[in-house]
Amino acid sequence: MLINLVRHAQSEANAGLSSAPIDCELTALGRRQAAATGERLAQLGVDVILCSPYIRALETGTAIHLATGAPLEVFTPIHEHHIEPFPDGWPLLGRRALLARFPHLQIPDDFADKGWHHPPETDAQALARMGSAWDLIRKRFANDPERHTRRVCLVSHGSPTGKLIMAFQGITTIHADIRIENASISLLQDLPGKKIVWGTNWVDHLPERTW
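Residues numbered from 1 in each chain as written. Predicted model: local features only at pLDDT ≥ 70, side-chain atom pairs only at ≥ 80, totals over all residues. Heavy atoms only, no water.

**Student:** Mind showing me how you'd approach the overall build of the protein here?
**Tutor:** Within the protein, the secondary structure is distributed over 5 helices and 6 strands. Secondary structure elements of the protein occur, N-terminal to C-terminal, as β-α-β-α-β-α-α-β-α-β-β. Its C-alpha atoms give the protein a radius of gyration of 16 Å, near enough to 17 Å, the size a compact globule of 211 residues would have. Taking the principal axes of the C-alpha coordinates as reference, the protein spans close to 45 × 35 × 35 Å. When burial is assessed residue by residue, the protein has 52% of its 211 residues classed as buried. Restricting to contacts in the protein with at least 6 residues of sequence separation, those with at least 24 account for 71%. Accessible area for the protein stands at about 10,000 Å²; split by element, carbon and sulfur atoms hold 51% of it. Averaging the locations of the 21 positively and 23 negatively charged side chains of the protein gives two centres separated by 4 Å. (Helix = DSSP H or I, 4+ residues; strand = E, 2+ residues; numbered from the N terminus. Rg over C-alpha atoms; globule rule 2.2 N^0.38 Å. Buried < 20%, exposed > 50% of the residue type's maximum accessible area, 1.4 Å probe, protein only. Contact = heavy atoms within 4.5 Å. Areas by Shrake-Rupley, 256 points an atom, 1.4 Å probe, with all protein chains shown as cover. Lys, Arg positive; Asp, Glu negative; His and termini not counted. Charge placed at Lys NZ, Arg CZ, Asp CG, Glu CD.)

Okay, structure coming up:
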């Protein structure tokens, strides 16, 4: 299985907008970055897109969906990592609001509208969550006769994407961070008895950068 890890494109919070909500949208630059990422992934090939249920990730995933034709699905375990607690009230969209905004989106039957994340979450807890996410992905494709050539795209956030790479390699204790830029692509390959990291944080497909 080939896995393209994508961090969402530039969000309002990434651009420093002080009024950006927790579940913020992409900026105009972010939308261009998302489109460019979709174009690159269309060249590489994608069979399915598993996406964090945050708006900025789903907007990025939608651009990839439009470019590749691959189905876009909510995959809750790769949601954002928050080191501070949520303010009063649940800040994320439920099923009905998600489908109204993203009618092409596939949502699992067991998706809960609220309460599936209870920050604060430490780095160690986030890394353990990414390890569990890999277990779920491997279980999902375990009986797929084409699993060895299946091309899966995961759309997540900066901290979770770095920790997905660590967990993929079997790292269970954090000794260093992996820098992940907006709209970057990291390529992993999961083979029987062998795991390969082909490259991380690729951004050469982006027409504009912010760093």
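**Student:** Is there a simple way to explain the environment of A70 in this structure?
**Tutor:** Inspection of the secondary structure assignment puts A70 in the loop between α2 (55–68) and β3 (72–74). In this structure, the C-alpha to C-alpha distance between A70 and A176, residues 106 residues apart in sequence, is 34 Å. Excluding residues that lie within four positions of it along the chain, A70 makes contacts with V46, D47, V48, I49 and H65.

**Student:** Any chance you could explain the pairing of strand β5 (residues 185–191) here in plain terms?
**Tutor:** A regular strand places its side chains on the two faces of the sheet in alternate fashion. Here β5 lies mainly inside the structure; 6 of its 7 residues are buried. Pairing between β5 and strand β6 (residues 194–202): 6 bridges, direction antiparallel. From the neighbouring strand, L187 faces β6, where its bridge partner is G199. Connecting the antiparallel pair β5 and β6 is a turn made up of 2 residues, with G193 showing a positive phi of about 75°. (Pairing = 2+ DSSP bridges.)

**Student:** Help me understand the layout of surface pockets in this model?
**Tutor:** Using a probe with the size of a water molecule, rolled over the atoms, empty space left in the structure can be pinpointed. Approximately 270 Å³ is the volume attributed to the largest pocket. Looking at the largest pocket, it is lined by 13 residues, and the ones nearest its centre are F75, P77, P108, D110 and L136. No other element matches helix α4 (residues 123–141), which puts 3 residues into the lining of the largest pocket. Across the lining of the largest pocket, the residue classes tally to 10 nonpolar, 1 polar and 2 charged. (1 Å grid on protein atoms, 1.4 Å probe; cavity = no way out; pocket = protein on both sides within 12 Å on 5 of 7 lines; lining within 4 Å. Points joined across faces, edges and corners; volume = space filled by probe spheres on them. Nonpolar A, V, L, I, M, F, W, Y, C, P; charged D, E, K, R; others polar.)

**Student:** Please explain the side chain of S11 as it appears in this structure.
**Tutor:** Structurally, S11 is set in the loop between β1 (2–7) and α1 (28–44). S11 has contacts with C24, E25, L26, T27 and R56, leaving out every residue within four places of it along the chain.

**Student:** I tried to follow the packing of α4 against helix α5 (residues 158–168) on my own but got confused; where do I start?
**Tutor:** Helices that pack against each other are described as a pair by the angle of their axes relative to one another and the distance between those axes. Look at α4 against α5: their axes get within 8 Å of each other, and the N-to-C directions meet at 65°. Between α4 and α5 the crossing geometry is right-handed. Contacts from D123, A126, L127, M130, G131, A133, W134 and R138 in α4 reach S159, P160, K163, L164, M166, A167 and F168 in α5. Split into classes, the residues belonging to the contact of α4 with α5 amount to 10 nonpolar, 2 polar and 3 charged. (Axes fitted to C-alpha atoms, helices over the stretch in contact; angles between N-to-C directions. Left-handed = near helix turned anticlockwise from the far one by under 90°.)

**Student:** Just checking my understanding: could you explain the nonpolar core for this structure?
**Tutor:** Soluble globular proteins tend to bury their nonpolar side chains together. In this structure, I49, L105, C153 and V155 are the most contacted members of the largest nonpolar core, which totals 24 residues. For this core, the secondary-structure elements that each account for two or more residues are β2 (48–51), α2, β3 and β4 (151–156). It is α2 that provides the largest number of residues to this core, a total of 4 residues. Here I49 is in contact with G61, I64, H65, T68, A70, P71, L72, E73, C153 and V155, once residues within four sequence places are set aside. Residues F75, I137, I165 and A167 belong to the second largest nonpolar core, which totals 22 residues. (Core = buried A, V, L, I, M, F, W, Y, C linked by side-chain atoms within 4.5 Å.)

**Student:** In this structure, what is going on with unusual backbone geometry? I would like to understand it.
**Tutor:** Glycine aside, a negative phi is what most residues show, and trans is what most peptide bonds show. Put simply, P119 and P120 share a cis peptide bond, and its omega is 15°. Relative to the elements of secondary structure, P120 occurs in the loop between α3 (95–101) and α4. In this structure, A183 takes a positive phi of about 65° despite not being glycine. Relative to the assigned elements, A183 resides in the loop between α5 and β5. When its relative accessible area of 0% is taken as the criterion, A183 is described as buried. Positive phi, normally seen in glycine, also occurs at N201, with a value near 60°.

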